[in-house]
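Coordinate inspection notes
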Amino acid sequence: MGQLFLIAFRNLVQHRRRTLLLGGAITGVTLLLVLVLGLTHGVSETMMRSATTVSTGHLNVGGFYKVTSGMAAPVVTDYERVREIVKHQPGVAFVVDRGRGWARVVSDTGSMQLGINGIDIRQEKGLREVLSITSGNLDDMAKKNGLLIFEQQAEKLGVKVGDSVTLSAPTPRGVNNTMDAVIVAIARDVGLLSNFSVFLNNDGLRGLYQLNPHTTGALQVYLNDIKQASQMKPKLRQALEQAGYTVMADDPRPFFMKFDTVNREAWTGQRLDVTTWEDETSFFSWTVLIVNLLSGLLIAVLIGIISVGVMNALWIAIRERTREVGTLRAIGMQKGRVLMMFLIEGFLLGLMSTVLGAVLSVVVAAVVNALNQPVPSAVQLFVMSNTIRFLVTPGAVTFAVLFLTGCTTFVSLFPSFIAARMKPITAMHHIG
Amino acid sequence: MAAIVSISDVYKDYHLDKVVVPALRGITLDVHHGEFISIAGPSGSGKTTLLNLIGCVDTATRGVVSVAGQDTGKLPESKLTDLRLNTIGFIFQSFNLVAVLDVFQNVEFPLLLQGKLSAAERRKRVMGLLEQVGLANHARHRPSELSGGQRQRVAVARALVTQPQIVLADEPTANLDSTTGQNIIDLMRELNQKQGTTFIFSTHDPKVMKHAQAVVMIADGRITGRTTPEAAALHAAGGAH
Ligand SMILES: Nc1ncnc2c1ncn2[C@@H]1O[C@H](COP(=O)(O)OP(=O)(O)OP(=O)(O)O)[C@@H](O)[C@H]1O
Ligand SMILES: [Mg+2]
């Protein structure tokens, strides 16, 4: 009934101060909720995008080769045969092979311990889109000693494109080997992931680790749809087992955390391992979890405070309007309508405030994104990127508006029930 | 003619903590269609209590109150609400308008609760009544912008808008100066005569009483007589001394 909305709305306008105070609080919580959702969404998105090109495929076929039981090397031998099997699985878009390793990168002025990704630049379709090259040329990675590093690393090492650095690493046989590499490209940082890894020509990496040309670190498998990754995982394992390979037990951790386990086992020779991108980045996903937990807690507390505020305000409104309620009951308004009248007041307050909050949040997110301000490194660890990026989706906005309006309406129920139960006789008795 | 309000041997007790306050003690009263009746009596005599029982906002402790042929003691709350909406109109001592609605909307409100008339019909009905109470030019004013007399006229229009069979008014003039109060009573009397609506109103004021067709005298929860306004006025004046 339209008149109930009118009464509710006008009463909100009438008590401007109370409405602004409460509405402001609800607006603030909406703003916060949307931004937090946008932040975690943005973080996961960034993490997924950078992770799935820099350090993992949607799925990975990696594994370990052991000469003796305690000497595991993260390699796949005779990888071309494995690739043939993987390539023809349904849903697979393309497969690239990557070398894997750790090495000390030494320049004239500094040194860093970094993860080395061996790449064949001609295969890398996704990398070009994710990496933005600030100097040098990605195609020069075709050179056997070509090395790509990230801006922050270049700064630490004090190097620029064209400079030489020395890579030093232990080979699978246990002796140290070194090589000279030339920096052919420097890319903009892509968050935490780019702090730890660099790209080296795959043949160069094979030389450093003294691997034969048929050996690589892992096959990174890209699917038509990344959401299919976990469903594809068991199918891929099965296909490899059917082809005669021994596949390690499912272990959802990144490969570099598995050395200890693998070295403790007695087997020797080649075993394959199939992981999803989420397995390989599970190391990082705790940040998203913590952001989610903390913000969830914060928002729950704020919703609690607001609920008390809304209930209290409505309770005051009902006490102020006791005579009005009695009058309306006396002239023939049913209990249900009285309930509706106050419920609508809570609902309207919630709706108007949350919509305002949602609009503000979209503006704030757009402004922050446009500013593209670098954040301190402690924050970078959390947001997985060197700038804050809010990914505000229509879904998150709708959710925040509906959820918080629902909350205010719900808490309005209790005072509204009390109002509806008031006896019409109070109309004649209540003074004030 | 059948009685529109029929009260027989009604008692009403209020319970204050452990004390029982007897407000009405054996009231029997019939009010007929089209009557214009005043209920008079000293403060605390039970006028409001009696009007509340007739108005279906309260129920008797003992005895039968029947309104428009229905025994109100036997009806559930929702049916009583319907009875109030469709059969009874209320005018309150302190006007009791909805502050955030304008004059037109206040008068229209009971029609919206009924949900029977179209917007155009409602408009015609409301404007017709505002014309009669002399407030057609104030339709878009809020109650706070009106004088007490004007507000009470809005309340009269609201009470009549559903074309109820009975209009109840508990001391409708108590918050008005005497001239304005007289005007309100004149207006009620005019509507009573034109439309045949039954009016029952309570008052202390002998000047107001004398406009009534008949005066029901009540004291200490009992009816002491039913007289002419002149006799009642005399009685009230005498009692005051
Ligand atoms: N809600 C209540 N609780 C307890 N006692 C009540 C209540 N309402 C009325 N009474 C008592 O019942 C008696 C009748 O009261 P009522 O209000 O009907 O008198 P009244 O004739 O309307 O008086 P007045 O002229 O002052 O309005 C009084 O003794 C009053 O104190
Ligand atoms: Mg009274």
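Predicted, not measured: the structure shown is a model, and the values here were computed from it.

**Observations regarding helix H1 (residues 47-54) of chain B**
Here H1(B) lies mainly inside the structure; seven of its eight residues are buried. Just beyond H1(B), the residue with positive phi is Cys56(B), at close to 60°.

**Observations concerning the nonpolar core**
All names here are of chain B. In terms of nonpolar packing, the biggest core is built from 73 residues, with Ile7, Leu50 and Ile200 touching the most fellow members. Contact partners of Leu50, with chain neighbours within four places excluded, come to Ile7, Leu24, Ile27, Leu29, Ile39 and Ile218. Grouped together as the second largest cluster of nonpolar side chains are 40 residues, Phe104, Leu130, Val156 and Ala159 included.

**Quick look at the packing of helix H3 (residues 103-114) of chain B against helix H5 (residues 148-160) of chain B**
All names here are of chain B. One way to put it is that H3 packs onto H5 with a least axis distance of 7 Å and a crossing angle of 30°. When the axes of H3 and H5 are compared, the pair comes out roughly parallel. Seen along the crossing, H3 lies across H5 with a hand that is right-handed. Contacts from Val103, Asn106, Val107 and Pro110 of H3 reach H5 at Val154, Ala157 and Arg158. For the contact of H3 with H5, the residue count by class is five nonpolar, one polar and one charged.

**Some words on the site of ligand 1**
Of all residues adjacent to ligand 1, which total 14 residues, the nearest are Ser43(B), Gly44(B), Lys47(B), Thr48(B) and Thr49(B). One finds residues of chains A and B in close proximity to ligand 1. In this structure, an oxygen atom belonging to ligand 1 sits 3.2 Å away from a main-chain N or O atom of Ser45(B). Residue Thr49(B) places a side-chain N or O atom 2.5 Å away from an oxygen atom belonging to ligand 1. Listed by contribution, the elements that provide at least two residues to the shell around ligand 1 are strand E1 (3-16) and H1 of chain B. With three residues, the single largest contributor to the shell around ligand 1 is H1(B). Across the shell around ligand 1, the residue classes tally to four nonpolar, eight polar and two charged.

**A closer look at the domain arrangement of chain A**
Each assigned domain of chain A is listed with its residue range as follows: domain 1 (2-49 + 285-428) and domain 2 (57-280). Taking the mean C-alpha position of each, domain 1 of chain A and domain 2 of chain A sit 48 Å from one another.

**Considering the sheet that holds strand E7 (residues 166-170) of chain B**
All names here are of chain B. The six strands are arranged E6-E7-E8-E3-E9-E10 in an open sheet whose pairing can be described as mixed. Among the strands making up the open sheet, the edge pair consists of strand E6 (88-91) and strand E10 (222-227). When the angles between neighbouring strand axes are averaged without regard to direction, this sheet yields 20°. As paired strands, E7 and strand E8 (residues 198-203) are joined by five bridges and run parallel to one another. Within E8, the position partnered with Asp170 by the bridge is Ser202. Strands strand E3 (36-40), E6, E7 and E8 of the sheet are contacted by helix H6 (residues 178-195), whose axis makes an angle of about 160° with E8.

**Observations regarding helix H2 (residues 77-87) of chain B**
All buried positions along H2(B) are accounted for by Leu80(B), Thr81(B), Leu83(B), Arg84(B), Leu85(B) and Thr87(B). Those residues of H2(B) hidden inside the fold are in contact with helix H11 (322-330) of chain A together with strand E4 (62-67), strand E5 (70-71), E6, H3 and E7 of chain B.

**Observations concerning the pairing of strand E9 (residues 214-219) of chain B**
Residue and element names in this part refer to chain B. Burial within E9 is extensive, with five of its six residues counted as buried. Note: E3 against E9, four bridges, orientation parallel. Each bridged residue has a counterpart across the sheet, and for Ser38 the counterpart in E9 is Val215. Pairing between E9 and E10: five bridges, direction antiparallel. When the bridges of E10 are listed, Met217 appears paired with Gly225. Here E9 hands over to E10 after two residues, with Asp220 in that stretch at a positive phi of 55°.

**A short note on the interface of chain A and chain B**
Often the size quoted for an interface is simply the accessible area lost on bringing the parts together. The interface is formed by 25 residues belonging to chain A together with 26 residues belonging to chain B. A combined buried area of about 2400 Å² lies between chain A and chain B, and 61% of that area is made up of carbon and sulfur atoms. Summed over the shared surface of chain A and chain B, the result is one salt bridge. The partner of Arg329(A) in a salt bridge is Glu77(B), with the nearest N and O atoms 2.8 Å apart. For the side of chain A that touches chain B, the secondary-structure elements that each account for two or more residues are helix H1 (2-14), H11, helix H12 (335-371) and helix H15 (426-429) of chain A. Partitioning the side of chain A that touches chain B into residue classes produces 12 nonpolar, seven polar and six charged.

Cut-offs applied
- Within each chain, residue numbers correspond to sequence positions counted from 1 in written order.
- Whichever chain is written first becomes A and whichever ligand is written first becomes 1, with later ones labelled in order.
- It should be noted that, the model being predicted, local features are given only for residues of pLDDT at least 70 and side-chain atom pairs only at 80 or more, the latter also being counted only at that level, while totals for whole chains, interfaces and linings use all residues.
- Side-chain measures were taken over the full set of non-hydrogen atoms in the model, leaving aside hydrogen atoms and water.
- Residue burial is assigned from relative accessible area. The probe radius is 1.4 Å, only protein chains are included, and a residue is buried under 20% of its type maximum, exposed over 50%, and partly exposed in between.
- By the criteria applied, helices consist of DSSP H or I runs no shorter than four residues and strands consist of E runs no shorter than two, each listed in order from the N terminus.
- Only buried residues count toward a nonpolar core, which is a set of Ala, Val, Leu, Ile, Met, Phe, Trp, Tyr and Cys residues joined through side-chain atoms within 4.5 Å.
- Between two residues, a contact is recorded if the distance between any of their heavy atoms is within 4.5 Å.
- Every axis corresponds to a line fitted to the C-alpha atoms, with the helix fit spanning only the stretch in contact, and the corresponding angles, defined between N-to-C directions, vary from 0 to 180 degrees.
- Our angle categories are set so that under 35 degrees counts as roughly parallel, over 145 as roughly antiparallel, 65 to 115 as roughly perpendicular, and the remainder as oblique.
- What makes a crossing left-handed is the near helix being turned counterclockwise from the far one by less than a right angle; a clockwise turn instead makes it right-handed.
- For this scheme, ten residues count as nonpolar: Ala, Val, Leu, Ile, Met, Phe, Trp, Tyr, Cys and Pro. Four count as charged, namely Asp, Glu, Lys and Arg, and the remainder, Gly too, count as polar.
- Near is defined per residue: the residue qualifies when any heavy atom it owns lies within 4 Å of the molecule or strand.
- Any pair of nitrogen or oxygen atoms within 3.5 Å is treated as a polar contact; in protein, a donor-acceptor pairing is required on top of that, and neighbouring residues in sequence qualify only through side-chain atoms on both sides.
- Just so you know, the domain bounds were taken from an automatic or database domain assignment.
- Here, a strand pair is defined by DSSP locating no fewer than two bridges between the strands.
- What gets called buried area is simply the loss in accessible area from a 1.4 Å probe that two parts show on being joined, summed for both.
- Any Lys or Arg side-chain nitrogen found within 4 Å of a carboxyl oxygen on Asp or Glu counts as a salt bridge.

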